[in-house]
Amino acid sequence: MPAQLCNADDDFALYQECIPGFYGFLGSGGNGTLHQSNYRCDDAGLTYGARFHELAATALLKWVRA
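Residues numbered from 1 in each chain as written. Predicted model: local features only at pLDDT ≥ 70, side-chain atom pairs only at ≥ 80, totals over all residues. Heavy atoms only, no water.

**Student:** Would you explain the overall build of the chain in this entry?
**Tutor:** Scanning the chain from terminus to terminus reveals two helices and zero strands. Across the 66 residues that make up the chain, the buried fraction comes to 5%. Put simply, the chain shows about 6500 Å² of open surface, and 60% of that area lies on carbon and sulfur atoms. (Helix = DSSP H or I, 4+ residues; strand = E, 2+ residues; numbered from the N terminus. Buried < 20%, exposed > 50% of the residue type's maximum accessible area, 1.4 Å probe, protein only. Areas by Shrake-Rupley, 256 points an atom, 1.4 Å probe, with all protein chains shown as cover.)

**Student:** Even after reading the chapter, I still don't get the environment of Phe12, so can you show me in this structure?
**Tutor:** You can see Phe12 is positioned in helix 1 (residues 12-16). Once the C-alpha coordinates of Phe12 and Tyr23 are considered, the two residues, eleven residues apart in sequence, prove to be 7.8 Å apart.

**Student:** So what exactly am I meant to see when it comes to the pattern of salt bridges here?
**Tutor:** Where side chains of opposite charge bring their charged atoms close, a pairing between them can arise. All told, the structure shown has one salt bridge when counted by the stated rule. Among the ionic pairs, Glu54 bridges to Arg51, the shortest N-O distance being 3.0 Å. With Glu54 and Arg51 both in helix 2 (residues 46-65) and three residues apart, the pair spans about one turn of that helix. (Salt bridge = Lys/Arg side-chain N within 4 Å of Asp/Glu carboxyl O.)

Rendered as structure tokens:
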């Protein structure tokens, strides 16, 4: 899926000057606007986020051990 360019307004890019990494967004299918009182997350989407982090950690461990 193509990514939309955005400014996430944090200092993550500064970390990446020292440590390789990436910044991504995971949709939840929830309603409302993020960080607003009307935001509702669909908890079923959490399984995708957990699986993503599992795969990312496994890949990183393989890379570190190589």
